[in-house]
Structure formats: C-alpha cells, structure tokens
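# A structural walkthrough
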Amino acid sequence: IYTLSLHDALPISINEATSSDESVLSVVGTSGDVFTVEGTGTGSAELRADATTVDSGEGLVDTIDMRAAIPEVLKLQHSCGDNPSGRVGKYLVDQTILIPFEMELADGQPVIGYGYYPVTAEPAAALTPVVDTKAQAFIHYTTAEAPQQVTLTSDIDSATLTLDLVDPGDIDGATLAVAPPLREGRTDLFYALPTVGSDPVCQANTAVTFEVTTPETCSVREASAPLTEEARQYGWFSITGIAQGQCLINVTHASGAAGAGVTT
C-alpha cells in the first residue's frame, strides 16, 4: 500500500482518484490532497487524480504511471549497528522496537509501500508484530517479557537477523553513540546507549540521567531526539561548551545492575 500526494501552489482537494487497472493497482482511499493505492497484482497502471483548488474551485487533473511488483530481496539491519559477535543486536524486553528494512527486486529496484513485511520470527512468541502502522522503513514489534534470542528470517530470500532480548537489570554500562566535536560557546546533541556485556542496547527506553563533573568546562541537560535517523533512539542529551578543557559527564542507568543502578 502506498500513499500519494497531489501538489499545487494552492491547497487542493481530490474529488476522485482512479486506476486504469484495478487488478494491478486499486485506489483504496482519498483524504484531502492525498490518495492511497494498494498493489493487487503485478504489472503497471496509470493513476489519475481529479481535484479542485480549495479557494477558487479551479479544476486540476494529473496522472502518473506506477508499477506493482512482488519484492525479491529483503534487507534487514539493526538500528544501532551490529555487535562484534556478528549480525546480533541487543534490545530490551517488553518494549516496542523498530527494525529497519528495505525491499527490492533482483535488479536492485526498490519496492516501496507498507502493509507487507515478508519476515518470520523464531520463536514466534518472542516478537509480536504491531499491525496498526503505515511504516515503510521499519518493521514494528513488541518484544516478549522474558529474555531470549530470536531470529528474523526473510520469507523471500536468505536474509536473517538475530536479536538478543535482555533485561534492563542486565545493563552494565553506557556508550556514547553520537559524538560531534564539542566547541566553546556552542551546544551540541549527543545520545548514550546502555550496554550489556559491552554491546550496545538498541532503542532502550529506560530511565537515564546525566551529570557533569567538570562544570567549569561544560554543562549538560536532557534533550529531545532530533528529526533524523537517530530519532528512534533514546538517551539524548545536550552539552554546552563553557571553556576549553576536558568535559566529563556521568551517565547513569537506574535499572542497571539488577536495579542498583550503573554509572559510566
């Protein structure tokens, strides 16, 4: 399923959207200046949208040719990189996580849309798919409550991805994932990932605090995630450079060490 927008210099409203071949691409909904199509078969079809400008009522028509195809290649990856042990990523139990993915034809042509995620989890109970999403870049799952290892296997090729589900109490440290140069008089964003066995834990939504121990050189405060690829991570904070010198910050995960807390 894919959503298209009809753009113009003025606000517009789509009156009707149609497909030249409903057996290939079917229009399943319109709203304002967008309409949604579903791939119902393989092949190509012309999509047509009839619209009017909201202010003047001027009629507009546009068409686009689109192709529907069954993907032949699935690419899976972890959001914070593979651990040294191989294509294994660590995630916390009982959380919603996002697995980045891409689909292609054998010649490398992208196949885009949402609602079709050709992957199987083993054991199946370890990951519960989140079905009410229109994600086109991530597969959404809720992780099981018990620590365990789970493997995602592609249904269309040989791709696999392994996840270790770990308990927050197993957190034993932290690692700085984003480290831009820190300059005097400037504020920059960073984020810290908790670690288990020295491996980073991806997308860990767990309590974390930051404390600067060199207030003469820098200051620190919690921060919201930026609108970037890293936004799905947690543990963001900002550092402001005050003077030249070494900036030291303690990162504490309260749930680590079986609830005793871990400071790095």
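Residues numbered from 1 in each chain as written. Predicted model: local features only at pLDDT ≥ 70, side-chain atom pairs only at ≥ 80, totals over all residues. Heavy atoms only, no water.

## Some words on the layout of surface pockets
In plain terms, the rule: Only protein atoms enter the 1 Å grid, on which a cavity is a set of points fitting a 1.4 Å probe that cannot get out and a pocket is an open set with protein on both sides within 12 Å along at least 5 of 7 lines, lining residues being those with an atom within 4 Å of a point. Grid points are joined across faces, edges and corners, and a volume is the space filled by probe spheres set on the points. Segments assigned H or I by DSSP are reported as helices when at least four residues long, segments assigned E as strands when at least two residues long, and all are numbered from the N terminus. Residue classes follow a fixed rule: Ala, Val, Leu, Ile, Met, Phe, Trp, Tyr, Cys and Pro count as nonpolar, while Asp, Glu, Lys and Arg count as charged, and any other residue, Gly among them, counts as polar.
Reported here for the largest pocket is a volume of approximately 590 Å³. Those elements giving two or more residues to the lining of the largest pocket turn out to be β4 (34-39) and β6 (59-68). In the lining of the largest pocket, the residues fall into 16 nonpolar, seven polar and two charged.

## What about the environment of E58?
Rules: Buried, partly exposed and exposed residues are distinguished by accessible area as a fraction of the type maximum, computed with a 1.4 Å probe on protein chains only: under 20%, between the cut-offs, and over 50%, respectively. Contact criterion: two residues are considered in contact whenever any of their non-hydrogen atoms come within 4.5 Å of each other.
With respect to the helices and strands, the residue E58 is situated in the loop between β5 (43-53) and β6. On the basis of relative accessible area, E58 is assigned to the partly exposed category, the value being 48%. Setting aside anything within four residues of it in sequence, one finds E58 in contact with A51, T52 and T53.

## Description of the pairing of strand β7 (residues 73-76)
Our working rule: Pairs of strands are assigned from DSSP output, requiring at least two bridges between the strands.
The alternating pattern of β7 places L74 and L76 on a buried face and V73 and K75 on a face that is not buried. Across four bridges, the pairing between β7 and strand β9 (residues 96-104) is antiparallel. In the sheet register, V73 faces β9, and the bridge partner there is E104.

## Things to note about the sheet that holds β6
Consider a sheet: its strands pair through backbone hydrogen bonds, and that pairing is either parallel or antiparallel. Going by this rule: Fitting a line to C-alpha atoms yields each axis, with helices limited to the stretch in contact; the angle taken between N-to-C directions then spans 0 to 180 degrees.
Spatial ordering of the open sheet is given by β2-β5-β6, a layout of three strands whose pairing is antiparallel. Only two strands of the sheet have a single neighbouring strand rather than two, namely β2 (12-19) and β6. Shown here is a sheet whose adjacent strand axes are inclined to one another by a mean of 25°, direction ignored.

## Let's talk about the side chain of T133
Selection rule: We call two N or O atoms a polar contact when they sit within 3.5 Å, provided that within protein one can donate a hydrogen and the other can accept it, with sequence-adjacent residues counted only if both atoms are side-chain atoms.
Relative to the elements of secondary structure, T133 occurs in the loop between β11 (127-129) and β12 (138-143). Looking at T133, its side chain comes within polar contact range of the main-chain nitrogen of A135, at 3.2 Å. Those residues in contact with T133 that sit more than four places away from it in its chain are Y114, Y117 and H140.

## Some words on the sheet that holds β12
Spatial strand order, β7-β9-β12-β11: four strands in an open sheet with antiparallel pairing. Two strands in the sheet have a free side with no partner beyond their single neighbour: β7 and β11. Averaged over all neighbouring strand pairs, the angle between strand axes comes to 40°, with direction disregarded.

## Examining the state of the cysteines
The following threshold applies: Throughout, disulfides are identified as pairs of cysteine sulfur atoms within 2.5 Å of each other.
The tally for this structure, following the rule as stated, stands at two disulfides. Covalently, C80 is tied to C202 through a disulfide, its sulfur atoms 1.9 Å apart. Measuring handedness by torsion sign, the sulfur bridge of C80 and C202 sits at about -75° and is left-handed. Residue C80 is located in the loop between β7 and β8 (88-92), and its partner C202 is located in strand β17 (residues 199-202); the two are separated by 122 residues in the primary sequence. As far as burial versus exposure is concerned, C80 and C202 are alike and both buried. One disulfide in the model links C218 with C247; its S-S distance is 2.1 Å. For the disulfide bridge between C218 and C247, the dihedral angle about the S-S bond is near 90°, and by the sign convention the bridge is right-handed. Placement of C218 in strand β19 (residues 218-222) and of C247 in the loop between β20 (236-241) and β21 (249-253) is noted, with a sequence separation of 29 residues between them. Residue C247 is classed as partly exposed on the basis of its relative accessible area, which comes to 24%.

## Remarks on empty space enclosed by the protein
Evaluated as defined, the whole model comprises one cavity of 30 Å³ or more. The greatest single-element share of the lining of the largest cavity, amounting to three residues, is contributed by strand β16 (residues 187-196). Taken together, the residues of the lining of the largest cavity break down into six nonpolar, three polar and no charged.

## A short note on the nonpolar core
We count it as follows: Residues grouped as a nonpolar core are buried Ala, Val, Leu, Ile, Met, Phe, Trp, Tyr and Cys residues, joined through side-chain atoms within 4.5 Å.
L76, I99, L127, Y141, L152, L163 and L165 are the most contacted members of the largest nonpolar core, which totals 27 residues. At the level of elements, β7, β9, β10 (119-122), β12, β13 (148-154), β14 (160-166) and β16 are the ones that each hand at least two residues to this core.

## A short note on the environment of D55
Looking at the secondary structure, you find D55 in the loop between β5 and β6. With 43 residues separating them along the chain, D55 and I12 place their C-alpha atoms 8.2 Å apart.

## What to know about the pattern of salt bridges
Note the following rule: Salt bridge criterion: a side-chain nitrogen from Lys or Arg within 4 Å of a carboxyl oxygen from Asp or Glu.
Applying the stated rule across the entire model yields five salt bridges. Here E104 makes a salt bridge to K75, at a shortest N to O gap of 3.1 Å. Highlighted residues: E104 in strand β9 and K75 in strand β7, separated in sequence by 29 residues. Taking relative accessible area as the criterion, E104 reaches 12% and is therefore assigned buried. Here K75 falls in the partly exposed class, since its relative accessible area comes to 41%. In this structure, the salt-bridge partner of D188 is R186, at a minimum N-O distance of 2.9 Å. Classification of D188 as buried rests on a relative accessible area of 11%.

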